[in-house]
Amino acid sequence: MAASATHVANATIEAVWRIESAKIVAGLARMTRDVGLAEELAQEALVAALEKWPGSGVPDNPGAWLMAAAKNRALDHFRHAKLVEVKHEEIGRDMEEGFTPDFDAALEDDIGDDLLRLVFTACHPVLSTEARAALTLRLLCGLTTDEIARAFLVPEPTMAQRIVRAKRTLAEARVPFEVPRGEELSSRLASVLEVVYLVFNEGYSATAGDDWTRPALCEDALRLGRILAELAPDEPEVHGLVALMEIQASRFRARSGPSGEPVLLLDQDRSRWDHVLVRRGLAALDRAEKSGGVLGPYALQAAIAACHARAPTPGETDWKRIVALYDALAQVMPSPIVELNRAVAVAMAFGPAEGLALIDAIASEPALRGYHLLPSVRGDFLEKLGRIDEARGEFERAASLTRNSREIRLLLDRAAALHPGLRVVK
Amino acid sequence: MRFMMVVIPKGYDKAKPGAMPDAKLVAEMSRYNESLHKAGVLLSMEGLRPPSMGARVSFKGGKPKVTDGPFAEAKEVIGGFWMIRVKSKAEAVEWAKRCPMPDGEIVEVRQVQEFEDFPADVQEAASGEPALRAQLEKKAKKG
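Residues numbered from 1 in each chain as written. Chains lettered and ligands numbered in written order. Predicted model: local features only at pLDDT ≥ 70, side-chain atom pairs only at ≥ 80, totals over all residues. Heavy atoms only, no water.

## Some words on the overall build of chain A
Now for step 1: Looking only at helices and strands, one finds 21 helices and zero strands in chain A.
Now for step 2: Buried residues in chain A amount to 48% of all 426 residues.
Now for step 3: Within chain A, contacts between residues separated by at least 24 positions form 64% of all contacts whose residues are at least 6 apart in sequence.
Now for step 4: In the structure as shown, chain A presents an accessible area of about 20,500 Å², 54% of it carried by carbon and sulfur atoms. (Helix = DSSP H or I, 4+ residues; strand = E, 2+ residues; numbered from the N terminus. Buried < 20%, exposed > 50% of the residue type's maximum accessible area, 1.4 Å probe, protein only. Contact = heavy atoms within 4.5 Å. Areas by Shrake-Rupley, 256 points an atom, 1.4 Å probe, with all protein chains shown as cover.)

Structural data, given as C-alpha cells:
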C-alpha cells in the first residue's frame, strides 16, 4: 500500500515536473540571472517534493508549491553566499516586482517572457549546437540527463559533462538573461530554430524498435515548437518550423512497412497519415504566410511538404508549385541538395529530360561527390528516358556509394531489372 | 502518447435542445484551453451539442435502427473532448485535474489506441493488404 502510494506520488511528481519545470527554471533564472544556478535550485525543489509528497499527498497547486520551495532555496542561497549589498538590492527589487505571492497572475502574465528568455539563453550561439540541444531539452523540456544521453546515443557521464560545461560557458561568457532585440533577434532566433529542428530530426531519423527516447524527441521538439509559436507569434519562421514538423510528423505511421522497411513518400498509404497533424501543419503554414514578407527556409520547406499533404493521391501532387517553391528555397538557402530535390520536382512537373539537364549541371559539385542519391536520381531519369544501359550503370554506382543494406538491395534490384534480356521478355 | 479527456457534464443527458453553458464557465474554460495550447500539448478539442439534438443508431440482427435524442437509458453522456499529446498517463491526469469543472462533473482520461499497439496480424490487416484482410476475416468468422 505504502509502496504503491509512493509510486503514484512519484508518477504525479514526474508529470507536474514535466508541466512546470521550465516555468520554474525560467522564473528562478530571472531572479538569479544565472541559468545554471536556477536549474540547480529547481532540482532541489524537485528533490524536496520527492521526499515530502509521498507522505503528505500531492498539494492542490503543485506548481506553486514547487515554485515556493525553489524560491526559498534561492533566498537561502543568497543569504549564505553573502552577496554584496548591491546584488541584494537588485534581487530584492526583482522579488517585489516579479515574484509576487500571487503566483497565478505571475504565471500567466510574465512567465511567457521568462520562458522566452530561457529559450534564447539555452540556445545562445556561444554554445555548440550539441550543447544547445542538450541544455534546451534539460531546461525547457524537463528531460533527465539520462534521457538526453540515451536520446543522443552517448554515455550518461558524457552528457552530464556536456551540460555542466554548457552552463559554465554561459556563466563565463556572462550571457545576459534576455530576449535579443533589433537586428540580433533574427540571427539568434535562427539559432533557436536550428536546435528545435535538430532535436526533431534526431527523433525522426531514429528507426522503430529503438529505445523509445529517440522517437520521443519528435514530440519534445513539436511541443517546444508549439510553445515557441505562442511566445513569439509575430515570427513567421517559428510558424514555418512548426508547420514543417507537424506535417512531417503526420507521416510517422505511414513511413515504414510491417518489417520496418522505409516507405517512400509517394508510396505511402495516405489514409494512414495523421490528419489532425496535417490540419495543424497547414494552419501553422497559413499563419507564417499571412504574416507577410518573404518566406524563410522553414516556411518554404513546410509549403513544399504541404503540397504533398494536400494531394489526396500522389498523382494529384501540384509539382509545378513544388518547383516554384524549390526555386524560392534555392534563393534563400542555396545548396546542392536543394538543387537535387529541385531537379526531381522539375522532372515530375516537366519530364525527365528537363530534370536530367539540371542534374548534369550540378553533378560536379564537390558537396555531392560520393552522395548516392545523385546517381540514384540520375538513373531514375535515364530509365524513364529509355537509356537503359546508362541507367543500370547509375544504379550500380549508387549502390556502391551507400552502406545502408536496404538501399543497396533496392538499387541493385533496380539495376538487375534493367537487364537487356529481361527487357525483351517484358 | 495521445489521450482524450472526455467531459461528462452533470445532467447533460436531460439538457434541452439548444442548451448553452453559462458565460462564466465558458470564460474559465477558455483560460484552461489557452493553458493547454500554450504548453504545446493540445492537438484538438470540440464541444458537443446535447443528446436531445442528436440521434443514436443501434444495430440488431445486422440492421441499423435510428432513435432520436434524448435517450432515456443514457445517464452519463459526452459533452466534449480534448485530444492531447503528453508523456504519460500521469501527465494526462494532471492536466485533467486542472480543468475548471463545476461540482459533480467528470473528466474521463482515456489513452488513444495507437496503431503500434496492435499485434502484427491486425496491423497488416489495417494497412490494407486485401488478400491478408480476407484471410483474417475468414479466420474471424471461423473463430
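Picking up where we left off.
## Regarding the overall build of chain B
Now for step 1: Secondary structure summary: chain B contains four helices and six strands in total.
Now for step 2: With 143 residues in all, chain B has 34% of them scored as buried.
Now for step 3: In the structure as shown, chain B presents an accessible area of about 9,200 Å², 58% of it carried by carbon and sulfur atoms.

## Section: a nonpolar patch on the surface
Residues and elements named next belong to chain A.
Now for step 1: Residues V294, V332 and M333 make up a contiguous nonpolar surface patch of about 270 Å² in total accessible area.
Now for step 2: With respect to the element layout, V332 can be found in helix α15 (residues 319-332).
Now for step 3: Given a relative accessible area of 37%, V332 falls into the partly exposed group. (Patch = residues over 30% accessible without salt bridge, like charges linked within 9 Å, V, L, I, M, F, W, Y side chains within 5 Å. Salt bridge = Lys/Arg side-chain N within 4 Å of Asp/Glu carboxyl O.)

## A word on the interface of chain B and chain A
Now for step 1: With 24 residues of chain B at the contact, the number on the chain A side is 25 residues.
Now for step 2: With both chains or domains summed, chain B and chain A bury close to 2,200 Å², and 51% of this area falls on carbon and sulfur atoms.
Now for step 3: Summed over the shared surface of chain B and chain A, the number is six salt bridges.
Now for step 4: Applying the counting criterion to the chain B and chain A interface returns nine residue pairs in polar contact (both at pLDDT 80 or more). (Buried area = accessible area lost by both parts, 1.4 Å probe. Polar contact = N/O pair within 3.5 Å; in protein donor to acceptor, adjacent residues only side chain to side chain.)

## Observations regarding the packing of aromatic side chains
Now for step 1: Following the criterion strictly, the structure yields six aromatic pairs over all chains and no others.
Now for step 2: Judged by centre distance (6.2 Å) and plane angle (10°), the ring pair of Y197 of chain A and F200 of chain A falls under stacked. On the criterion of helical spacing, the pair formed by Y197 of chain A and F200 of chain A is a turn pair, its members being three residues apart in helix α10 (residues 183-204).
Now for step 3: Given the relative accessible area of 0%, F200 of chain A is considered buried.
Now for step 4: Geometrically, the ring pair formed by Y32 of chain B and W82 of chain B is edge-to-face, given 5.3 Å between the ring centres and 85° between the ring planes. One end of the pair, Y32 of chain B, is in helix α1 (residues 23-38); the other, W82 of chain B, is in strand β5 (residues 80-85), and 50 residues separate them in sequence. Each member of the pair, Y32 of chain B as well as W82 of chain B, carries the same accessibility label: buried.
Now for step 5: Directly above the ring of W273 of chain A sits R251 of chain A, whose terminal nitrogen or CZ lies 5.7 Å from the centroid.
Now for step 6: A cation over an aromatic ring shows up here: R255 of chain A above the ring of F252 of chain A, its NZ or CZ 4.6 Å from the ring centre. (Phe/Tyr/Trp six-rings, centres within 6.5 Å; stacked < 30°, edge-to-face > 60°. Lys NZ or Arg CZ within 6 Å of the ring centre and 35° of its normal.)

## Comments concerning helix α19 (residues 388-401) of chain A
Residue and element names in this part refer to chain A.
Now for step 1: In this model, α19 (14 residues) spans 20 Å end to end at C-alpha, consistent with the 20 Å of a helix rising 1.5 Å per residue.
Now for step 2: Among all positions of α19, only I388, A391, R392, E394, F395, A398 and A399 are buried. The buried residues of α19 occupy one face: seen down the axis, they fall within an arc of 160°. Exposed side of α19, more than 90 degrees from the buried face: D389 and S400 are the residues found there. (Expected span 1.5 Å × (residues − 1). Arc of directions from axis to C-beta.)

## Focus on empty space enclosed by the protein
Now for step 1: Under the defined criterion, the tally for this structure stands at two cavities of 30 Å³ or more.
Now for step 2: Approximately 60 Å³ is the volume attributed to the largest cavity.
Now for step 3: If you trace the largest cavity, you find it lined by R18, E219, D220, L222, R223 and R226 of chain A together with G40, R85, V86 and K87 of chain B.
Now for step 4: Residues belonging to the lining of the largest cavity are distributed by class as follows: two nonpolar, one polar and seven charged. (1 Å grid on protein atoms, 1.4 Å probe; cavity = no way out; pocket = protein on both sides within 12 Å on 5 of 7 lines; lining within 4 Å. Points joined across faces, edges and corners; volume = space filled by probe spheres on them. Nonpolar A, V, L, I, M, F, W, Y, C, P; charged D, E, K, R; others polar.)

## Points about the sheet that holds strand β1 (residues 2-8) of chain B
All names here are of chain B.
Now for step 1: What the four strands build is an open sheet, ordered β2-β5-β1-β6; its pairing is antiparallel. Whereas interior strands pair on both sides, the edge strands pair on one side only; in this sheet they are β2 (42-47) and β6 (106-111). Within this sheet the neighbouring strands show an average axis-to-axis angle of 15°, counted without direction.
Now for step 2: The sheet contact formed by β1 and β6 spans six bridges and is antiparallel. By the bridge assignment, V6 is partnered in β6 with E108.
Now for step 3: Packing against the sheet, α1 makes contact with β1, β2 and β5, and its axis sits at approximately 20° to β5. (Pairing = 2+ DSSP bridges. Axes fitted to C-alpha atoms, helices over the stretch in contact; angles between N-to-C directions.)

## Re the nonpolar core
Now for step 1: Counting 106 residues, the largest nonpolar core has L28, L140 and F200 of chain A as the members making the most contacts within it.
Now for step 2: With 19 residues, the next largest nonpolar core counts A391, A398, L411 and A415 of chain A among its residues. (Core = buried A, V, L, I, M, F, W, Y, C linked by side-chain atoms within 4.5 Å.)

## Quick look at the confidence of the model for chain A
Now for step 1: Here chain A averages 87 in pLDDT, and 89% of its residues register 70 or above.
Now for step 2: Within the model, pLDDT remains below 50 along residues 96-108 of chain A, and this stretch shows 18 contacts once partners closer than five positions in the same chain are excluded. (pLDDT = per-residue confidence, 0-100.)

## Topic: the pairing of β1 of chain B
Successive side chains on a regular strand alternate, one facing one side of the sheet and the next facing the other.
All names here are of chain B.
Now for step 1: The buried fraction of β1 is high, at six of seven residues.
Now for step 2: The sheet contact formed by β1 and β5 spans six bridges and is antiparallel. Bridge pairing in β5 places V6 opposite F81.

## A closer look at the pattern of salt bridges
Now for step 1: Taken as a whole, this structure holds 37 salt bridges over all chains when the rule is applied.
Now for step 2: For the salt bridge of R280 of chain A with E246 of chain A, the shortest nitrogen-to-oxygen distance reads 3.2 Å. You can see R280 of chain A sitting in helix α13 (residues 275-290) and its partner E246 of chain A sitting in helix α12 (residues 236-250), a full 34 residues away along the chain.
Now for step 3: Note that E94 of chain B and R98 of chain B form a salt bridge whose closest N and O atoms lie 3.5 Å from each other.
Now for step 4: You can call E94 of chain B buried: its relative accessible area is 2%.
Now for step 5: Judged by relative accessible area, which is 27%, R98 of chain B ranks as partly exposed.
Now for step 6: The structure contains a network of salt bridges with shared partners spanning R18, D220 and R223 of chain A together with K87 and E91 of chain B.

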